[in-house]
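# Working through the structure, step by step
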Amino acid sequence: MADLTVKINGMEMTVPAGTTVLEAAHMAGIEIPTLCYMKEINEIGACRICVTEVNEGRGFRLVAACVYPCSNNMEILTSSPKVIAARKKTLELILSDHDRKCLSCVRSGNCELQKLCKDYGIDDASLYDGVKNEYEIDDSAAHMYRDNNKCILCRRCVAVCAKTQGIGVIGANERGFKTYIGSAFDMGLGETSCVSCGQCIAVCPVGAISEKDYTKEVLAAIADPEKTVLVQTAPAVRAGLAECFGNPIGTNAEGRMAAALRRLGFDKVFDTDFSADLTIMEEATEFLDRVQNGGVLPMITSCSPGWIKFCEHYYPEMIPHLSTCKSPQQMFGATAKTYYAEKMGIDPKNIVMVSIMPCTAKKFEIGRPDQSAAGVPDVDFALTTRELGRMIERAGINFNALPEEKFDDPLGLSTGAGVIFGATGGVMEAALRTAVYTLTGNEVTDLPEVRGTEGIKEATYNVGGMDVKVCVASGLSNAREVLEKVKRGEADYQFIEIMACPGGCVNGGGQPQVPMGVRNFVDIRAERAKVLYNLDKSMPLRQSHHNPAVKALYDEYLEKPGSHKAHEILHTSYVKRSVN
Amino acid sequence: MNSAKSTVPFKGTPEQEAELLRVIEEKKSDKGALMPILQKAQEIYGYLPIEVQKIISDNTGIPLEKIYGVVTFYAQFSLYPKGEYTISVCLGTACYVKGSGDIYDKLQEKLGIGGGECTPDGKFSLDACRCIGACGLAPVMTVNEDVYGRLTVDDIDTILAKYA
């Protein structure tokens, strides 16, 4: 199609046909504000914050820039007095039914509504106060709460749940002024088949939904002299945490993160990358065992607790395909409270295991059955990257000025294979590095076929004369597509990696929120993944089977991957769940 | 948020379910199938409780919440059955200025249900209606075919007692 000529604020430019007014303005360096709009996911033109004046030969009128297509010779005014007045009124009307507790709100400072109110000079937030809706807070789920008093009905959470994740346990109920976001028959979120992925939280522009905060409990444990408080950090956290302190997306925070955790008072600062390596040893062994001994194939990874819960609710018949390996978070806790506790002579009951995760489903996972290797829960608290950011801020630690420090030995040792777990395809790549070595004795590193942010990737590797067909999916809609293909017998994969969140853990539901105005134009998944792949490249050891701490763990304690003892400590079981 | 779970026990029959499944099978591949399926389902059962919405969800793959969202959006759909006695209170202009709002409130209080709902024993359901053409008798309510006019809140006990 031909290009179009448009005039934005008097400036002429050429845009491809099909460009929206919002996109054209972006090309011209003007960001039109949005609240409901999510590119390709929620293009509903509902919130009216993006209204912009356009003239197509019949005089200027206001249109929703996010969904209105450019036409040839269109004149666009993005900040005329009429536009500003319309946006301001919309904000005032949103505020009339908004619980304006900004002082205590978890999103204060990075709330998209708050920023717009400041930008548009809202001087009287109560201008249109009248009848207000009053909602009870839903805290029935393990990982999050919903406070509809702060909801602005943008429906981003609804769209991401239904479209990106293919779940749809939340939606708009009732109509008009009574409209609210909730679940069917007003079930609490905890009663539904919500998988706890937290993608809804990651896209919420305001403080209506948030993770359950356990920072106070963690600080109390640190202050308790009886307790040894250990912390582990997931790979993706280091690719996101720096954003909490004003750094650009894609900043590596690893060294400063370790330093900050030490200054927060954790007794030992360990790394989930260690147990990612351990996961590979167990998972690669399990995979080869299934291949060689006629086990259930394809085998599907089990690192992502959102994916696991999804499988249990929506594909319980596929449970035998799931690797029985605990996730790296749980393997870490299990190792810390057995091997490490014995080694150090600490009663596991006095160990408080804290994990920092890019994930909200990890909060659900720590409460799962069959996750207590030492008779006490493997992990006591799972905090999100955002919660850690808040802890650091509250402690007055100047994060950006911190020195780069290292993790503690021995459970802080890891390889490049462990750190790439945080990006989609990373677990597959790490597993293949070790599987290839086990079968052929060859060392492989980079496997570009399984990298990248595409939702579904396929590859075939010839390993020791055997073709291994693999598939990598991220985002649960994509997972559904792959599973349906497997069920219909149209795919003969042997090994599938599934991550609940699109792009993998770097884009997890517990990562720092990025304003949608940025997300619509920047691929945060790719930017954060680069941090992990660069780290991998920079490491002296890049295959899990070379991790000296993992080797020592097997030599001193677990004997060998897949041993009886390894199964007792590092493997788990799954349950069937219903759909609600 | 009110709990929208009906307290009236579900009394769906296998015949009703078979008919609903037939309707779903016939329509489910159509674009926008949910509305006609819901309309038929309400024809079959008289209302759309969770049991019925679940059958629709399980057999169409449409998430239960999406169905519930549509049902609660449109006034034509009801989550509650009609009672043995259907009480309608006119909230039209004439009745309203004569105090039918108080009567409606009092009935909700006496029956322990909100508008559009049904008592757990299945006896009474309560609705608001617009003008029934008896403005001269305002405020007016009907119980099935019986019309009661020139009401005061004190009349309600006596009227309900007739149907108890």
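What counts, and where the lines are drawn
Residues numbered from 1 in each chain as written. Chains lettered and ligands numbered in written order. Predicted model: local features only at pLDDT ≥ 70, side-chain atom pairs only at ≥ 80, totals over all residues. Heavy atoms only, no water. 1 Å grid on protein atoms, 1.4 Å probe; cavity = no way out; pocket = protein on both sides within 12 Å on 5 of 7 lines; lining within 4 Å. Points joined across faces, edges and corners; volume = space filled by probe spheres on them. Helix = DSSP H or I, 4+ residues; strand = E, 2+ residues; numbered from the N terminus. Nonpolar A, V, L, I, M, F, W, Y, C, P; charged D, E, K, R; others polar. Pairing = 2+ DSSP bridges. Contact = heavy atoms within 4.5 Å. Axes fitted to C-alpha atoms, helices over the stretch in contact; angles between N-to-C directions. Domains from an automatic or database assignment. Buried < 20%, exposed > 50% of the residue type's maximum accessible area, 1.4 Å probe, protein only. Salt bridge = Lys/Arg side-chain N within 4 Å of Asp/Glu carboxyl O.

Our next topic: empty space enclosed by the protein. All names here are of chain A. Enumeration over the complete set of coordinates arrives at five cavities of 30 Å³ or more. In this structure, the largest cavity occupies an estimated 270 Å³ of space. Lining of the largest cavity is provided by 23 residues; of these, Cys 303, Ser 304, Pro 305, Lys 362 and Cys 505 occupy positions nearest its centre. Elements that contribute at least two residues to the lining of the largest cavity include exactly helix H9 (305-314), helix H10 (328-344) and helix H11 (361-365). Per-class residue counts for the lining of the largest cavity are 15 nonpolar, seven polar and one charged. The calculated volume of the second largest cavity comes to roughly 80 Å³. Looking at the second largest cavity, it is lined by 13 residues, and the ones nearest its centre are Cys 151, Cys 154, Cys 157, Cys 204 and Pro 205. Grouping the constituent residues of the lining of the second largest cavity by class yields 11 nonpolar, no polar and two charged.

Counted as a void, the second largest pocket has a volume near 900 Å³. Around the second largest pocket sit 31 residues that line it, and Ala 162 and Gly 168 of chain A together with Ile 62, Pro 63 and Lys 66 of chain B are the ones nearest its centre. Looking at the lining of the second largest pocket, the elements that each hand over two or more residues are helix H4 (156-164) and strand S7 (171-173) of chain A together with helix H3 (50-60) and helix H4 (64-73) of chain B. At six residues, H4 of chain B tops the list of elements feeding residues into the lining of the second largest pocket. Per-class residue counts for the lining of the second largest pocket are 15 nonpolar, nine polar and seven charged.

Looking now at the sheet that holds strand S16 (residues 466-474) of chain A. All names here are of chain A. Across the sheet, which stays open at both edges, the four strands sit in the order S12-S17-S16-S15 with mixed pairing between neighbours. Strands with a single pairing partner mark the edges of an open sheet, and in this sheet they are strand S12 (299-300) and strand S15 (456-463). Across eight bridges, the pairing between S15 and S16 is antiparallel. From the neighbouring strand, Asn 462 faces S16, where its bridge partner is Asp 467. Sheet strands in contact with helix H14 (residues 426-440) are S15, S16 and strand S17 (495-499), and its direction is about 155 degrees off that of S17.

Time to look at the domain arrangement of chain B. Split into domains, chain B comes out as domain 1 (14-73) and domain 2 (85-163). Each of domain 1 of chain B and domain 2 of chain B was reduced to a C-alpha centroid, and the two centroids are 31 Å apart.

Residue and element names in this part refer to chain A. Going residue by residue along strand S14 (residues 381-384), you find Phe 381 and Leu 383 tucked away on one face and Ala 382 and Thr 384 tucked away on the opposite face as well. Inspection of the sheet shows strand S13 (residues 351-357) paired to S14 by four bridges, in the parallel sense. Directly across from Ser 355, in S14, lies its bridge partner Ala 382.

Let us look at the interface of chain A and chain B. Between chain A and chain B, the contact holds 22 residues from the first and 20 residues from the second. Inspection of the region where chain A meets chain B yields zero salt bridges. Listing elements by their share of the side of chain A that touches chain B, those giving two or more residues are S7 and strand S8 (180-182) of chain A. Of the residues forming the side of chain A that touches chain B, the biggest block, three residues, is contributed by S7 of chain A. Residue composition of the side of chain A that touches chain B, by class: 10 nonpolar, seven polar and five charged.

With that settled, the discussion passes to helix H12 (residues 385-394) of chain A. Residues and elements named next belong to chain A. Within H12, eight of the 10 residues are buried, which leaves the element mostly enclosed by the surrounding structure. For H12, the complete set of buried residues consists of Thr 385, Arg 386, Glu 387, Leu 388, Gly 389, Arg 390, Met 391 and Ile 392. Downstream of H12 by one or two residues, Gly 396 has phi in the positive range, about 75 degrees.

Residue and element names in this part refer to chain A. Applying the stated rule across the entire model yields 43 salt bridges over all chains. Salt-bridge contacts for Asp 536 lead to Arg 433; the nearest nitrogen and oxygen are separated by 2.8 Å. Pair noted here: Asp 536 is in helix H17 (residues 524-538) and Arg 433 is in helix H14, with a separation of 103 residues, a long-range link. For the pair Asp 536 and Arg 433, a shared accessibility class is recorded, and that class is buried. Here the residues in one salt-bridge network are Glu 429, Arg 433, Asp 446, Arg 451, Asp 536 and Arg 542, joined through shared partners.

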